[in-house]
There are 2 protein chains.
Amino acid sequence: MERIPILKMGPFLLVTIQVDLYDRLALNLENDLITMVSKTGARGVLIDISAVTIVDSFMGRILGNIASMSRIMDAETVVVGMQPAVAITLVELGLTLQGVHTALNVERGMDLLYKKTDVLLDQNQEEEEEAAEQDPE
Amino acid sequence: MERIPILKMGPFLLVTIQVDLYDRLALNLENDLITMVSKTGARGVLIDISAVTIVDSFMGRILGNIASMSRIMDAETVVVGMQPAVAITLVELGLTLQGVHTALNVERGMDLLYKKTDVLLDQNQEEEEEAAEQDPE
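Okay, so let's go over this structure. These figures come from a predicted structure and were not determined experimentally.

What counts, and at which threshold
Numbers given to residues run from 1 along each chain, matching the order in which its sequence is written. Think of it this way: whatever chain is written first is A, whatever ligand is written first is 1, and the rest follow in order. Local features are withheld for residues below a pLDDT of 70 in this predicted model, meaning they are given only at 70 or higher, and side-chain atom pairs are given and counted only at 80 or more; totals for whole chains, interfaces and linings count all residues. With hydrogens and water stripped out, all remaining heavy atoms of the structure feed into the side-chain values. The numbering of helices and of strands both runs from the N terminus, where a helix is a DSSP run of H or I of at least 4 residues and a strand a run of E of at least 2. Categorising residues by exposure relies on relative accessible area from a 1.4 Å probe, with only protein chains included: less than 20% of the type maximum marks a residue as buried, more than 50% marks it as exposed, and the intermediate range marks it as partly exposed. Contacts are assigned to residue pairs with any non-hydrogen atoms lying within 4.5 Å of each other. A fitted line through C-alpha atoms serves as each axis, taken over the contacting stretch for helices, and the angle formed by two N-to-C directions is quoted from 0 to 180°. An angle below 35 degrees is treated as roughly parallel, one above 145 as roughly antiparallel, one from 65 to 115 as roughly perpendicular, and anything else as oblique. For any pair of crossing helices, the crossing counts as left-handed if the nearer helix is rotated counterclockwise from the farther one by less than a right angle, and right-handed if it is rotated clockwise. Here, strands pair whenever DSSP counts at least two bridges between them. Alignment of copies: least-squares fit on C-alpha atoms of residues with pLDDT of at least 70 in both copies. Here a polar contact means two N or O atoms within 3.5 Å. Within protein one must be a hydrogen donor candidate and the other an acceptor candidate, and residues neighboring in sequence count only if both atoms are side-chain atoms. Here, a salt bridge means any side-chain nitrogen of Lys or Arg that lies within 4 Å of a carboxyl oxygen of Asp or Glu. Any residue that is not Ala, Val, Leu, Ile, Met, Phe, Trp, Tyr, Cys, Pro, Asp, Glu, Lys or Arg is counted as polar, Gly included; the first ten are nonpolar and the last four charged.

The subject of this paragraph is the side chain of Asn28(A). Residue and element names in this part refer to chain A. Relative to the helices and strands, Asn28 resides in helix α1 (residues 23-40). Taking the relative accessible area as the measure of exposure, Asn28 reaches 11% and is therefore buried. Contacts of Asn28, omitting those with residues within four sequence positions, involve Glu2 and Arg3.

Pasting the structure below:
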C-alpha cells in the first residue's frame, strides 16, 4: 500500500509504522502528516514504531524530518514503542534522533504530549484554571 | 512483518490494519489480540481499516471472529475508518459483518466503546455518579 494511515485522537495524531519505509512511502507520510497537522490543528504527533525491527540512518532521518516539520507547525513529535534492540542499534550507529522525544508506549507518549503542549485533559481542569486566573488570592 | 502491533489506549486496544491479511498474519492477530485482552483486562477493541482498499469474505470472517472472541472475554469490538468503496463491496458481496459494530473514525469509535462498555471517561464523572447514588433525591 502506498500510504500509512494517520489517526486523529483528540488534539493529537497517531501513526503506526508497520512496514519498511522506502523512499516514496516516507515522502508520502511526511506530506500527509504535515497536511493533517495543518488541516486539524493538531498539537502533537505520536509515531509508534513497535513493529519496526530494523532502523537505519534513512529511518532516523525521516523521524527527524517529521519532528522538525511538525515543530514549525507548532506540534510536538513523540516516538513510542521502540524495541530494545532498535535502541541498541541506534546508539551503536551513532544516531541520536535529535529533536525527537521518545516514550515507552502510546499511553506514556500521550501523557508526555499533554505536558509538552499544555493541552488540557478535560473541561473541568480548564474551568479550574480560569477560576484561578480570575481570583489571584 | 509477521505481527500487527496492538496499542493499549486506556481501557481499550487499538489495531491499525495496513497490510493485506493473509492466513498466518490473521491467525497471529487473533491470538495476540485475545492474549492482550486477557492480560490487560481491556474492555474494548478498536480496529482501524482505513488503509484497507479490498475486503473479501476472508477479511470479513476474521473481523467477525475477533468480535466473537472478544465478546467472550467481555470486550466490545468496533471497526472504524471503513472506506466508502469497501462498504459498497461488502453489501454487494452480501457480507453483513454480523456482531461487529462500526463507526466513522477512531474518535467516534472510542465514544461508542465508552457508551457500550460503561467505562467512565474521567474521575469527576465517577464521583458525580457516586454522589447521585448516595443521594437519591
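Now that the structure has been shown, the text picks up again.
This part takes up the packing of helix α1 (residues 23-40) of chain B against helix α2 (residues 57-72) of chain B. Residue and element names in this part refer to chain B. In contact at an axis separation of 10 Å, α1 and α2 are set at 15° when each is read in the N-to-C sense. The angle between α1 and α2 places the two elements in the roughly parallel class. The hand of the α1/α2 crossing is right-handed. In this structure, α1 contributes Asp23, Ala26, Leu29, Glu30, Leu33 and Ile34 to the contact, and α2 contributes Phe58, Ile62, Asn65, Ile66, Met69 and Ser70.

Okay, the sheet that holds strand β4 (residues 76-80) of chain A next. All names here are of chain A. Strand order in the open sheet made by the five strands is β1-β2-β3-β4-β5, with mixed pairing throughout. The two strands at the open ends of the sheet, each matched to only one other strand, are β1 (6-9) and β5 (101-103). Direction aside, the axes of adjacent strands within the sheet are offset by 25° on average. Pairing of β1 with strand β2 (residues 12-16) involves four bridges; the strand directions are antiparallel. Note that in β2 the partner of Met9 across the bridge is Phe12. Along the sheet, helix α4 (residues 106-117) makes contact with β1, β2, β3 (44-48), β4 and β5, crossing β4 at roughly 160°.

Of the transformation superimposing chain B on chain A, the axial component is 0.0 Å and the angular component is 180°, with the fit at an RMSD of 0.0 Å. What the superposition gives is, in effect, a two-fold axis relating one chain to the other. Here 100% of the interface residues in chain B have copies in chain A that are interface residues too; the copies meet face to matching face.

All right, on to the side chain of Gln18(B) then. Relative to the helices and strands, Gln18(B) is located in the loop between β2 (12-16) and α1. For Gln18(B), a relative accessible area of 5% puts it in the buried group. A distance of 2.6 Å separates a polar side-chain atom of Gln18(B) from the backbone oxygen of Thr16(A).

What follows is about the interface of chain B and chain A. The interface is formed by 20 residues belonging to chain B together with 20 residues belonging to chain A. For the interface between chain B and chain A, the tally reads two salt bridges. When the shortest N-O distance is used, the salt bridge between Lys8(B) and Glu107(A) registers 3.4 Å. Taken together, the links from chain B to chain A amount to seven residue pairs in polar contact (both at pLDDT 80 or more). Of all the secondary structure elements, the ones that give two or more residues to the side of chain B that touches chain A are β1 (6-9), β2 and α4 (106-117) of chain B. Tallied by class, the residues present in the side of chain B that touches chain A amount to ten nonpolar, five polar and five charged.

Any link to function would need more than the numbers given here.
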